[in-house]
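Secondary and tertiary structure notes
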Amino acid sequence: MRIGNGKPKTKARACLAGICTALALASCSNLQDSLSSEQLEEQRDGIGKLSSKTSVYYYNGSESDDVSGDEAHLSLNLSQIADATGAGVKYELSYTMDGIEYASSGTGKGTLSNSKSKYYVDLSPAINLIDGTKSPAYSDISYTVTVSGLKNASGNDYDGRAIPSFSQLVKFAPLYNSEIATFSTKSAPAGTEFEIPLNGEITAVDSTVTVTATDGEIPETTFTASVSEDGGAIVLTSSAPLTYADFTADFAFTGIKPVGGKESYDYKPSLSFSALEKSTVTKEIQDIGGSAVDVLTADELAQYGTVKKISAVATLDFTDVSGDWWAGFQSEEGDNGNWNDLSWSEGSGNTGVYTCDLSQALISAATAEGGKLQIKSNAVSGTVVLTITAVPKD
């Protein structure tokens, strides 16, 4: 019985040994597979590869600008130093214009950077279509590039090996906005930052900025430029206070580098700075007939703050008025020194439309204590629309 009982034990030991051997072989196989995967990844890294940081090329303009003929290159990154002796570029271009789809393909151009770590692909076949006419619209243009033939030239174990080909679909968009909102100077101490929003991201801009006033007077200050933390704006910083400053100026920026592009851009936007707010006031005027009629008193004007400018449009009814039509503003009856003519703009039948910007002398007189703004005309009646620009009350 003891001998009989021992035989199954021998078989059990043999079976257990077989399982252990199988597990060991499986473990070795998995290890080999793991090592092969690691070796393959190491090989890929050693040979090198191309990559792009963007699929959208942000061109140097706004949506209405003509950028055809501009230099435009997509910058591709190489993970290993390369030789481009046998490199080539193929492209496929498609776009929609007037509801019709167009497509073409061909041989493109590419150049290796001096560092041999970047490859620049020419985008001119596509960029030449963007001429500001929006026909085709920039958003309807697609450009696919394929780069092949680059070789590893790093001097490592994979020197001379072919770098895998790379394809990228490129879309297009303007880097700048067509309109930039007026910057508020209601509270703008030294060091105030004003952000110029962009449609894409940039990595650099030169700090030096050139400024030329086109309207108003620029305070004594120096402006410097930098890139916002998220790369989506140019940050303009003033060295001196600009509180309540009111001016418009042409700014010149240089060295703007969009993500994924080769070229650096120059940018010359017109920027406005103001603490002013505009309010519209409409007044119905009756029983004029050559008499002065009050439009606004100084107390009524004071609610808008410190008035800097008043523009006026007067639509007047001259029914049964014989002779020339005329209209004007004054600060008080008989005050001819502050008379401001309204100039005829257009008219139809018995209706005449007159416009003007009030003189600073008239604004000062009308906003002084006890002052008023009056209209005088030989019209029968009318409607006056005033646009009041003022520094608002705190």
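Summarised in this report is the structure supplied together with it. (Residues numbered from 1 in each chain as written. Predicted model: local features only at pLDDT ≥ 70, side-chain atom pairs only at ≥ 80, totals over all residues. Heavy atoms only, no water.)

A closer look at the overall build of the protein chain
Just so we agree on the cut-off: Only DSSP runs of H or I covering at least 4 residues are called helices, and only runs of E covering at least 2 are called strands; the numbering of each starts at the N terminus. A radius of gyration in this sense is built from C-alpha atoms; the matching globule rule multiplies 2.2 Å by the number of residues raised to 0.38.
Along the protein chain, the regular secondary structure elements total 4 helices and 29 strands. Relative to a compact globule of 394 residues, whose C-alpha radius of gyration would be 21 Å, the protein chain shows 37 Å and is clearly more extended. Over its C-alpha atoms, taken along the principal directions, the protein chain stretches across nearly 135 × 65 × 45 Å.

Focus on the pairing of strand β13 (residues 193–197)
Rule in force here: Buried residues are those whose accessible area, probed at 1.4 Å on protein chains only, stays under 20% of the maximum for their type, while exposed residues exceed 50% and partly exposed ones sit between those limits. Being paired, for any two strands, means DSSP has found at least two bridges between them.
In β13, alternate side chains face the same way, and those of Phe194 and Ile196 are buried while those of Glu193, Glu195 and Pro197 on the opposite face are not. Bridge count for β13 against strand β17 (residues 233–238) is 5 bridges, and the pairing is antiparallel. Opposite Glu195, over in β17, you have Val235 as the bridge partner.

Digging into the pattern of salt bridges
Filter applied, for reference: Note on definitions: salt bridges are taken to be side-chain nitrogens of Lys or Arg within 4 Å of carboxyl oxygens of Asp or Glu.
One pass over the full model with this rule turns up 2 salt bridges. In this structure, the salt-bridge partner of Lys134 is Glu63, at a minimum N-O distance of 3.8 Å. Of this pair, Lys134 sits in the loop between α2 (124–127) and β9 (141–148) while Glu63 sits in the loop between β2 (56–59) and β3 (73–78); the two residues are 71 residues apart in sequence, bridging distant segments of the chain. Given a relative accessible area of 34%, Glu63 falls into the partly exposed group. The residue Lys372 makes a salt bridge to Asp294 at a minimum N-O spacing of 3.6 Å. Of this pair, Lys372 sits in strand β28 (residues 372–377) while Asp294 sits in strand β22 (residues 292–297), and the two are 78 residues apart along the sequence. Relative accessible area serves as the criterion here: at 41%, Asp294 is assigned to the partly exposed category.

Let's talk about the sheet that holds β9
Which entries qualify depends on this criterion: Each axis is a line fitted through C-alpha atoms, taken for helices only over the stretch in contact, and angles between the N-to-C directions span 0 to 180 degrees.
Spatial strand order, β2-β11-β9-β5-β6: 5 strands in an open sheet with mixed pairing. Of all strands in the sheet, those with a lone pairing partner are β2 and β6 (100–108), marking the two edges. Averaged over all pairs of adjacent strands, the angle between strand axes in this sheet comes to 25°, irrespective of strand direction. Both strand β5 (residues 88–97) and β9 contribute to a ladder of 8 bridges, which runs antiparallel. Paired with Gly88 across the bridge in β9 is Ser148.

With respect to the side chain of Ser377
Definition in use: Polar contact is defined as a pair of N or O atoms within 3.5 Å, subject to the rule that within protein one atom must be able to donate a hydrogen and the other to accept it, and that residues adjacent in sequence are counted only when both atoms are side-chain atoms. Throughout, a contact is declared for two residues whenever any of their heavy atoms are within 4.5 Å.
Looking at where Ser377 falls in the secondary structure, it is placed in strand β28. A polar contact of 3.0 Å, which involves the side chain of Ser377, links it to the backbone nitrogen of Ala379. The contacts of Ser377, once residues within four sequence positions are left out, are Ile288, Gly289, Gly290, Ser291, Leu316, Phe318, Trp326 and Ala327.

Some thoughts on empty space enclosed by the protein
What counts here: Each cavity reported here is a set of points on a 1 Å grid over the protein atoms alone in which a 1.4 Å probe fits but cannot get out, each pocket an open set with protein on both sides within 12 Å along at least five of seven lines, and each lining residue one with an atom within 4 Å of a point. Grid points are joined across faces, edges and corners, and a volume is the space filled by probe spheres set on the points. Polar here means any residue outside two lists: the nonpolar Ala, Val, Leu, Ile, Met, Phe, Trp, Tyr, Cys and Pro, and the charged Asp, Glu, Lys and Arg; Gly therefore counts as polar.
Scanning all chains against the criterion turns up 1 cavity of 30 Å³ or more. A volume near 50 Å³ is recorded for the largest cavity. The wall of the largest cavity is formed by Glu63, Leu129, Ile130, Asp131, Gly132, Thr133, Lys134, Pro136 and Tyr138. In terms of residue class, the lining of the largest cavity is built from 4 nonpolar, 2 polar and 3 charged.

What to know about the layout of surface pockets
Computed from the structure, the largest pocket encloses a volume of approximately 370 Å³. Along the walls of the largest pocket sit 16 residues, with Asp246, Ser274, Leu276, Lys278 and Thr389 positioned nearest its centre. Elements represented by at least two residues in the lining of the largest pocket include exactly β15 (210–216), β18 (247–258), β20 (270–274), β23 (306–317) and β29 (381–391). Its residues assigned to classes, the lining of the largest pocket shows 3 nonpolar, 8 polar and 5 charged.

What to know about the sheet that holds β29
Read from one edge of the open sheet, 5 strands run β21-β29-β23-β27-β26, paired in antiparallel fashion. Every interior strand has two partners, whereas the edge strands, β21 (277–285) and β26 (343–348), have only one. Ignoring strand direction, the axes of neighbouring strands in this sheet form an average angle of 20°. Sheet topology note: the β26/strand β27 (residues 351–357) ladder contains 5 bridges and is antiparallel. The residue bridging Ser348 from the neighbouring strand is Thr351, located in β27.

Interpretation in functional terms is not warranted from these geometric data alone.
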